[in-house]
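# Architecture and fold: a report
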Amino acid sequence: MKLFPTFCMTDKRSDSFKLAVQQTDGDACVGVNNSCCSKRNPDTCFMRMVRKIGREFLTSEMDRRYYADHYTCCPPPLFIICVTLLELGFFAYYAVMSGEVTTTGPVPIDNVFIYRPDKRIELWRFLFYMVLHAGWIHLLFNLMVQLLVGLPLEMVHGSLRISLIYFAGVLAGSLGTSVFDKDVYLVGASGGVYALLAAHLANILLNYSEMELGIIRLLGILIIASADVGFAVWGRYAAEEDGQPVAYVAHLTGALAGLTIGLLVLKNFEEKLYDQIVWWVSLGVYAACTIFAVFWNIFYI
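What this report covers is the structure whose coordinates are included nearby. (Residues numbered from 1 in each chain as written. Predicted model: local features only at pLDDT ≥ 70, side-chain atom pairs only at ≥ 80, totals over all residues. Heavy atoms only, no water.)

### Some points on the overall build of the protein chain
The helix and strand tally for the protein chain stands at eleven helices and zero strands. In the protein chain, the share of contacts with a sequence separation of at least 24, taken over all contacts with a separation of at least 6, comes to 70%. Carbon together with sulfur atoms contributes 68% to the accessible area of the protein chain, which is approximately 16200 Å² in total. (Helix = DSSP H or I, 4+ residues; strand = E, 2+ residues; numbered from the N terminus. Contact = heavy atoms within 4.5 Å. Areas by Shrake-Rupley, 256 points an atom, 1.4 Å probe, with all protein chains shown as cover.)

Structure (structure tokens):
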């Protein structure tokens with residue numbers, strides 16, 4: 001029987017995972033209960049999709065094999081789909097009500113969900129501003145990133161973990177804006193979207209040498225994110241003459257939240273001492289920033 005080179009695996013590995021490491025495709029199952037072996041047809045569309053996602057979002061061959069052997073799409077990745085439909089529905093509703101759709105609107109300034117610095121006492125605005133968007137370009141970018149990055153991440157790491165990252169980014173977006181860009185209104189899910197991007201980007205940064213086209217993928221994400229942030233910065237200051245500007249700080253603070261919370265909650269198939277140190281540092285950074293922003297909003301007049 002052909003074997004992979006010897007790997008140092010912790011006791012946290014399950015028997016089925018260790019068996020997947022030791023086997024190549026088509027090898028017989030020995031040494032462990034045969035029921036743990038995958039009997040799925042590797043040539044189905046579903047299995048090809050699962051292997052593709054494993055190659056794109058997991059860095060080691062061991063983790064890819066484990067994921068391909070165990071993923072069943074049960075429960076299905078519904079969080080990103082539901083959030084996307086919700087945001088699209090809100091935009092369509094206000095577009096119909098206003099009778100127009102532009103690159104910068106419609107933005108319902110008096111909406112009960114929009115984050116406004118003069119209504120910070122209404123706490124729900126710190127989260128629910130995410131359902132509103134400033135124009136179809138803003139909406140299209142966020143929905144594309146959610147589906148292309150968020151959906152595969154949810155398939156790999158589960159709905160609970162991805163929802164925590166997403167809402168942490170949304171909350172960080174509004175809290176960061178309330179501290180660093182105090183006079184603007186805030187709409188859009190960019191905080192959550194950039195949290196997803198940052199969580200995936202951190203994985204690429206740490207493992208780009210082991211990933212297929214790692215350098216190209218890293219540069220691609222950086223270029224797209226930089227262009228979007230640049231557009232948001234331009235819109236922030238160019239819009240001052242036309243009315244209430246929309247903040248860009250949410251992009252940056254959402255990304256910081258995604259980086260820290262991603263390191264906290266995303267699955268780690270083989271935990272090392274270094275990972276435990278990063279876990280505690282990430283927890284400290286996110287907790288300190290969040291507590292500071294909360295107290296700022298409480299005591300700032």
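Next comes the rest of the write-up.
### Looking at the packing of aromatic side chains
Throughout the structure, instances matching the rule amount to twelve aromatic pairs. Each member of the aromatic cluster is reached from another via a ring pair, and the members are Phe 90, Tyr 93, Tyr 94, Phe 113 and Phe 128. (Phe/Tyr/Trp six-rings, centres within 6.5 Å; stacked < 30°, edge-to-face > 60°.)

### A short note on helix H2 (residues 45-57)
With 13 residues, H2 should reach 18 Å at 1.5 Å per residue; the first-to-last C-alpha distance of 18 Å fits that figure. Of all the positions in H2, only Met 47, Val 50, Ile 53, Gly 54, Glu 56 and Phe 57 are classed as buried. (Expected span 1.5 Å × (residues − 1). Buried < 20%, exposed > 50% of the residue type's maximum accessible area, 1.4 Å probe, protein only.)

### Some points on the environment of Ser 174
Structurally, the position occupied by Ser 174 is in helix H7 (residues 159-180). For the pair formed by Ser 174 and Tyr 115, sequence separation is 59 residues and the distance between their alpha carbons is 7.4 Å. Ignoring any residue separated from it by four or fewer positions in sequence, one finds Ser 174 in contact with Tyr 115, Phe 126, Tyr 129 and Leu 186.

### Side note on the side chain of Arg 120
Inspection of the secondary structure assignment puts Arg 120 in the loop between helix H4 (79-98) and helix H5 (125-128). Asp 118 provides the closest opposite charge to the buried, salt-bridge-free Arg 120, at an N-O distance of 7.9 Å. A polar contact is formed between the side chain of Arg 120 and the backbone oxygen of Pro 117, at a distance of 3.2 Å. Setting aside chain neighbours within four positions, we find Arg 120 in contact with Tyr 115, Phe 126, Asn 297 and Tyr 300. (Lys, Arg positive; Asp, Glu negative; His and termini not counted. Salt bridge = Lys/Arg side-chain N within 4 Å of Asp/Glu carboxyl O. Polar contact = N/O pair within 3.5 Å; in protein donor to acceptor, adjacent residues only side chain to side chain.)

### Some remarks on helix H6 (residues 136-157)
With 22 residues, H6 should reach 32 Å at 1.5 Å per residue; the first-to-last C-alpha distance of 30 Å fits that figure. Maximum bend of H6: about 35 degrees, positioned at Gly 150, with proline Pro 152 one to four residues after it. Gly 158 sits one or two residues past H6 and shows a positive phi near 95 degrees. (Bend = angle between axes of the 7 residues up to and from the residue.)

### Some thoughts on the nonpolar core
In this structure, Tyr 67, Met 130, Ile 162, Ile 165 and Tyr 166 are the most contacted members of the largest nonpolar core, which totals 53 residues. In terms of residue count, the dominant contributor to this core is H7 (eight residues). Once you skip the residues sitting within four places of it in the chain, Tyr 166 turns out to touch Phe 79, Val 83, Glu 87, Met 130, Gln 146, Ala 189, Gly 192, Val 193 and Leu 196. (Core = buried A, V, L, I, M, F, W, Y, C linked by side-chain atoms within 4.5 Å.)

### Points about the pattern of salt bridges
Two side chains with opposite charge may pair up if their charged atoms get near one another. Counted under the stated rule, the structure contains three salt bridges. Between Arg 116 and Asp 118 there is a salt bridge, with the nearest N and O atoms lying 3.0 Å from each other. Under the relative-accessibility criterion, Arg 116 is labelled buried at 11%. Accessibility expressed as a relative area gives 51% for Asp 118, which makes it exposed. The salt bridge partner of Glu 122 is Arg 125, with a shortest N-O separation of 2.4 Å. Linked through salt bridges whose partners overlap, the residues forming this network are Asp 110, Arg 116 and Asp 118.

### As for the packing of H6 against H7
Viewed as axis vectors pointing N to C, H6 and H7 meet at an angle of 135 degrees, and their least axial separation amounts to 7 Å. Between H6 and H7, the angle is such that the two are oblique. Here H6 contributes Gln 146, Gly 150, Leu 153, Glu 154 and His 157 to the contact with H7, which in turn contributes Ser 159, Arg 161, Ile 162 and Tyr 166. Taken together, the residues of the contact of H6 with H7 break down into three nonpolar, four polar and two charged. (Axes fitted to C-alpha atoms, helices over the stretch in contact; angles between N-to-C directions. Parallel < 35°, antiparallel > 145°, perpendicular 65-115°, else oblique. Nonpolar A, V, L, I, M, F, W, Y, C, P; charged D, E, K, R; others polar.)

### Digging into the environment of Met 155
With respect to the secondary-structure elements, Met 155 resides in helix H6. Setting aside its immediate chain neighbours within four residues, Met 155 contacts Met 49, Ile 53, Tyr 67, Tyr 71 and Pro 77.

### Overview of the packing of H4 against H6
Following both chains from N to C, one finds H4 and H6 inclined at 170 degrees, their axes separated by 9 Å at the closest point. One finds that H4 runs roughly antiparallel with respect to H6. From H4, Phe 79, Ile 80, Ile 81, Val 83, Thr 84, Glu 87, Leu 88 and Phe 91 reach across to H6, where they touch Trp 136, Leu 139, Leu 143, Gln 146, Leu 147, Gly 150, Leu 151 and Glu 154. Residue composition of the contact of H4 with H6, grouped by class: eleven nonpolar, three polar and two charged.

### Structural notes on the environment of Ala 92
Topologically, Ala 92 is positioned in helix H4. Measuring from C-alpha to C-alpha, the distance between Ala 92 and Trp 136 comes to 9.9 Å, with 44 residues separating the pair along the chain.

### Overview of a nonpolar patch on the surface
Residues Val 101, Trp 136, Ile 137, Leu 140, Met 144, Leu 147 and Leu 148 make up a contiguous nonpolar surface patch of roughly 630 Å² in combined accessible area. Of note, Met 144 is situated in helix H6. A residue is classified by how much of its surface remains accessible, and Met 144, at 44% relative accessible area, is partly exposed. (Patch = residues over 30% accessible without salt bridge, like charges linked within 9 Å, V, L, I, M, F, W, Y side chains within 5 Å.)

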